[in-house]
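Now for the letters of each chain:
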Amino acid sequence: MEQRVSERTQDLQKTNDKLTSTISNLEKAQTQLIESEKLASLGGLVAGIAHEVNTPLGIGLTSSSLLREKVDHLKNQVDNKQLTQTGLNSFIDEANQTCQILENNLFKAADLITNFKQLAVDQSSDQSYTFNVYDSLQATKVSLNHILKKQGIHTHIECSHSLKMFGNSGILSQIITNLLTNSASHAFENDSEDKQIHIRAESVYKKLIVEYTDNGIGMPEDVVKKIYEPFFTTKRGKGGSGLGMNLVYNLVVQKLKGQIDIKTAPNEGTTFTIEIPFDRE
């Protein structure tokens with residue numbers, strides 16, 4: 001009897017070791033997939049850069065070409081001794097306007113690149129510092145404009161321009177990025193022309209409260225129960241990884257020691273309320 005008990009114990013121990021090893025491997029796989037999701041977010045930034053910077057640079061190039069034509073025309077008039085005071089004044093006015101357009105768009109392109117660069121650095125770094133919450137939200141929104149504009153989604157940010165907090169702005173950016181892409185992929189499947197997303201952030205009792213609301217199709221109760229589960233997606237086979245909302249939950253609850261609540265119902269939109277403590281160890 002003792003021998004049989006001993007053999008059973010050894011078998012159970014081997015089984016337990018295998019289960020422990022399997023769980024460990026699954027956790028490693030999940031971590032790797034989450035990191036892949038973060039890299040996908042960075043990839044989205046690259047697409048955002050290409051789309052958003054293309055417009056001001058295109059306008060700048062067109063303005064530069066136009067200015068070159070004006071200069072060549074002026075030179076021909078000078079060479080042929082046909083330049084008049086009226087023609088010179090006209091050239092000066094048009095050149096000033098063109099230079100102003102060129103300067104404005106180059107500054108816009110430079111600002112966009114600076115914002116995207118900071119977002120990319122923040123999302124790949126674990127360093128904490130004091131950052132402006134509105135600037136972080138606005139930069140994240142701009143990085144996804146190529147998706148939001150394409151689908152006709154109007155995104156509004158309500159936040160004090162002076163609101164600051166100590167932490168990693170890249171984490172907040174990743175959270176908002178995943179919420180925005182989740183809404184774009186799932187919330188607006190209908191042909192509604194009124195597609196709205198509102199992001200409101202404020203400081204309440206040493207907490208950053210972020211309320212994210214879309215007026216999309218909402219979610220049934222069975223989806224809500226599983227929304228934070230890894231690999232759960234309603235877009236299986238259509239590009240959905242099932243890790244976006246799981247990443248949001250892990251960042252809010254585990255990384256930031258905060259909490260996230262959801263309020264939704266079919267055809268009533270969705271609201272995520274996120275609470276992040278300002279003072280955390």
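Residues numbered from 1 in each chain as written. Predicted model: local features only at pLDDT ≥ 70, side-chain atom pairs only at ≥ 80, totals over all residues. Heavy atoms only, no water.

Of the regular secondary structure elements, the protein holds seven helices and seven strands. In sequence order, the secondary structure elements of the protein are arranged as α-α-β-α-α-β-β-α-β-β-α-α-β-β. For the protein, the proportion of its 281 residues judged to be buried stands at 37%. Relative to all contacts within the protein whose residues are 6 or more apart in sequence, the contacts with residues 24 or more apart total 73%. Element-wise, carbon and sulfur atoms account for 52% of the exposed surface of the protein, whose accessible area totals about 17,200 Å². (Helix = DSSP H or I, 4+ residues; strand = E, 2+ residues; numbered from the N terminus. Buried < 20%, exposed > 50% of the residue type's maximum accessible area, 1.4 Å probe, protein only. Contact = heavy atoms within 4.5 Å. Areas by Shrake-Rupley, 256 points an atom, 1.4 Å probe, with all protein chains shown as cover.)

Our next topic: the sheet that holds strand 4 (residues 195–203). Across a sheet, paired strands are connected by hydrogen bonds in the backbone, their directions being either parallel or antiparallel. Across the sheet, which stays open at both edges, the five strands sit in the order 2-4-5-7-6 with mixed pairing between neighbours. Across the chains shown, the open sheet's two edge strands, defined by having one partner strand only, are strand 2 (153–159) and strand 6 (259–264). Pairwise comparison of adjacent strand axes, ignoring direction, gives a mean angle of 10° for this sheet. Here six bridges tie strand 6 to strand 7 (residues 270–277), and the two strands are oriented antiparallel to one another. Note on strand 7: the bridge partner recorded for isoleucine 262 is phenylalanine 272. Those strands touched by helix 3 (residues 133–143) are strand 2, strand 4 and strand 5 (207–214), and its axis lies near 170° from that of strand 2. Across the sheet, helix 7 (residues 244–255) lies against strand 6 and strand 7, angled at about 135° from strand 6, the strand it touches most. (Pairing = 2+ DSSP bridges. Axes fitted to C-alpha atoms, helices over the stretch in contact; angles between N-to-C directions.)

Its 19 residues place the ends of helix 5 (residues 169–187) 26 Å apart at the C-alpha level, agreeing with the 27 Å of an ideal helix rising 1.5 Å per residue. The buried fraction of helix 5 amounts to 16 of the 19 residues, a majority that puts the element mostly inside the structure. Residue asparagine 168 occupies the N-cap position of helix 5, its side-chain oxygen lying 2.8 Å from the main-chain nitrogen of glycine 170. (Expected span 1.5 Å × (residues − 1). Polar contact = N/O pair within 3.5 Å; in protein donor to acceptor, adjacent residues only side chain to side chain.)

Mean pLDDT for the protein: 80, with 76% of residues reaching 70 or above. When mean pLDDT is compared element by element in the protein, strand 5 scores highest at 95, while helix 1 (residues 2–79) scores lowest at 72. (pLDDT = per-residue confidence, 0-100.)

Scanning the model with the defined rule gives six salt bridges in all. The partner of glutamate 202 in a salt bridge is arginine 200, with the nearest N and O atoms 2.6 Å apart. For glutamate 202, a relative accessible area of 32% puts it in the partly exposed group. Residue classification places arginine 200 among the partly exposed positions, given a relative accessible area of 25%. Arginine 200 is paired through a salt bridge with glutamate 211; the nearest N and O atoms lie 3.5 Å apart. Separated by eleven residues along the polypeptide, arginine 200 in strand 4 and glutamate 211 in strand 5 bring together distant segments of the chain. Several salt bridges share partner residues, and in doing so they unite Arg200, Glu202 and Glu211 into one network. (Salt bridge = Lys/Arg side-chain N within 4 Å of Asp/Glu carboxyl O.)

Once that is clear, we can look at the side chain of aspartate 214. Structurally, aspartate 214 is set in strand 5. Within the buried set, aspartate 214 has no salt-bridge partner at all; the shortest N-O distance to an opposite charge, 12 Å, is to lysine 195. Engagement of the side chain of aspartate 214 in a polar contact is seen with the backbone nitrogen of glycine 216, the distance being 3.0 Å. In contact with aspartate 214, other than residues within four places in its own chain, are Ser183, Ala187, Phe188, Gln196, Ile197, Gly269 and Thr270. (Lys, Arg positive; Asp, Glu negative; His and termini not counted.)

With that out of the way, let us pick up the packing of aromatic side chains. Inspection of every chain in the model, using the stated rule, returns two aromatic pairs. Geometrically, the ring pair formed by tyrosine 212 and phenylalanine 272 is tilted, given 6.5 Å between the ring centres and 55° between the ring planes. With tyrosine 212 in strand 5 and phenylalanine 272 in strand 7, this residue pair connects regions lying 60 residues apart in the sequence. Ring plane angle 35° and centroid distance 5.1 Å describe the contact between tyrosine 228 and tyrosine 249, whose orientation is recorded as tilted. Taken together, the residues span a long stretch of sequence, with tyrosine 228 in the loop between helix 6 (221–226) and helix 7 and tyrosine 249 in helix 7 at a distance of 21 residues. (Phe/Tyr/Trp six-rings, centres within 6.5 Å; stacked < 30°, edge-to-face > 60°.)

Here we take up the environment of leucine 57. You can see leucine 57 is positioned in helix 1. As for leucine 57 and phenylalanine 107, which are separated by 50 residues in sequence, their C-alpha atoms are 9.9 Å apart.

So, about unusual backbone geometry. Peptide bonds are, in most cases, trans, and in most cases residues other than glycine have a negative phi. The phi angle at tyrosine 205 is positive, at roughly 50°, despite the residue not being glycine. Among the structural elements, tyrosine 205 can be located in the loop between strand 4 and strand 5. Non-glycine residue lysine 257 carries a positive phi angle of around 60°. With respect to the helices and strands, lysine 257 occurs in the loop between helix 7 and strand 6.

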